[in-house]
Amino acid sequence: TCTRYGNVMYSRGSVIPLFVEQISAHRPVTVTNPAMTRFLMSLKESVELVKYAFTNARPGDLFVRKAPASTIGDLAAAVSQLMGVEPDVRVIGTRHGEKLYESLLTSEELAKAEDMGRYFRIPLDARSLDYTVFTTDGAPDNAVGQDYNSHNTDRLDVHGVMDVVASLPEMQAHVVGGSR
């Protein structure tokens, strides 16, 4: 059994600590591409996903939490506003290998996914690796058309992102006027 998710907010892979550092130092917030989208998931939510998988999984299952997303531009604006400053964003250009959005499920996985409310469960693909049947008959297309990604999930506006980011324990010391 496994879980899959994007970056956890305020973790080592998150851009939020960099934004906080830049704003605290009165520097512009550097953004590679403000239109990029990323899923928003807290450390608490990622732990809940793992616990849910432990208690609800069958061998080989994959679990993905349904999560809202944000553009990086809206995330930069939200962090700036929470810290009581007008956003001063400097676009520095996309880095080599950086993706416009995160994909958590392929269209093939999504076609097999079981909707479990806050999560998707994708069962183990236990088909045989004997592909001789496909050399003559082929297989039905079981894709639903789109991946589950940060571009096509629920997208929060700046105020929605502010609410999510302000709820992070790591942000409490940086929010002007206390928690939202």
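Look up: the structure comes first, before these words.
We now turn to the structure provided with this report. Quick caveat, the model's predicted, so the values are computed rather than measured. (Residues numbered from 1 in each chain as written. Predicted model: local features only at pLDDT ≥ 70, side-chain atom pairs only at ≥ 80, totals over all residues. Heavy atoms only, no water.)

As for the pattern of salt bridges
Tallied over the full model, the rule gives nine salt bridges. Measuring nitrogen to oxygen at the nearest pair gives 3.0 Å for the salt bridge that ties arginine 118 to glutamate 48. Here glutamate 48 lies in helix H2 (residues 43-56) and arginine 118 lies in the loop between strand S8 (114-115) and strand S9 (119-122), a separation of 70 residues in the sequence. Owing to a relative accessible area of 26%, glutamate 48 belongs among the partly exposed residues under this scheme. (Salt bridge = Lys/Arg side-chain N within 4 Å of Asp/Glu carboxyl O. Helix = DSSP H or I, 4+ residues; strand = E, 2+ residues; numbered from the N terminus. Buried < 20%, exposed > 50% of the residue type's maximum accessible area, 1.4 Å probe, protein only.)

Some thoughts on the packing of helix H1 (residues 16-24) against helix H3 (residues 72-82)
Where H1 contacts H3, the two axes come as close as 10 Å, and the packing angle between them is 45°. Classed by the angle they form, the pair H1 and H3 counts as oblique. Helix-helix and strand crossings are classified by hand; for H1 and H3 the assignment is right-handed. Counting all contacts with H1, which are made through Ile16, Phe19, Val20 and Ile23, the residues of H3 involved are Ile72, Leu75, Ala76, Val79 and Ser80. Among the residues making up the contact of H1 with H3, the classes are represented as eight nonpolar, one polar and no charged. (Axes fitted to C-alpha atoms, helices over the stretch in contact; angles between N-to-C directions. Parallel < 35°, antiparallel > 145°, perpendicular 65-115°, else oblique. Left-handed = near helix turned anticlockwise from the far one by under 90°. Contact = heavy atoms within 4.5 Å. Nonpolar A, V, L, I, M, F, W, Y, C, P; charged D, E, K, R; others polar.)

Quick word on the side chain of glutamate 109
Checked against the element boundaries, glutamate 109 lands in helix H4 (residues 107-112). A distance of 2.9 Å separates the side chain of glutamate 109 from the backbone nitrogen of threonine 106, its partner in a polar contact. Glutamate 109 has contacts with Arg4, Leu62, Leu104 and Ile122, leaving out every residue within four places of it along the chain. (Polar contact = N/O pair within 3.5 Å; in protein donor to acceptor, adjacent residues only side chain to side chain.)

What to know about the nonpolar core
Ile16, Phe19, Val79, Val165 and Met171 are the most contacted members of the largest nonpolar core, which has 26 residues in total. Of all elements in the fold, only H1, strand S2 (29-31), H3 and helix H6 (158-166) reach the threshold of two or more residues within this core. Among the elements that line this core, the one with the most residues is H3, at seven residues. Once you skip the residues sitting within four places of it in the chain, phenylalanine 19 turns out to touch Val29, Thr30, Val31, Ile72, Leu75, Ala76 and Val79. By size, the runner-up hydrophobic cluster in this structure holds nine residues, among which are Ala67, Leu105, Ile122 and Tyr148. (Core = buried A, V, L, I, M, F, W, Y, C linked by side-chain atoms within 4.5 Å.)

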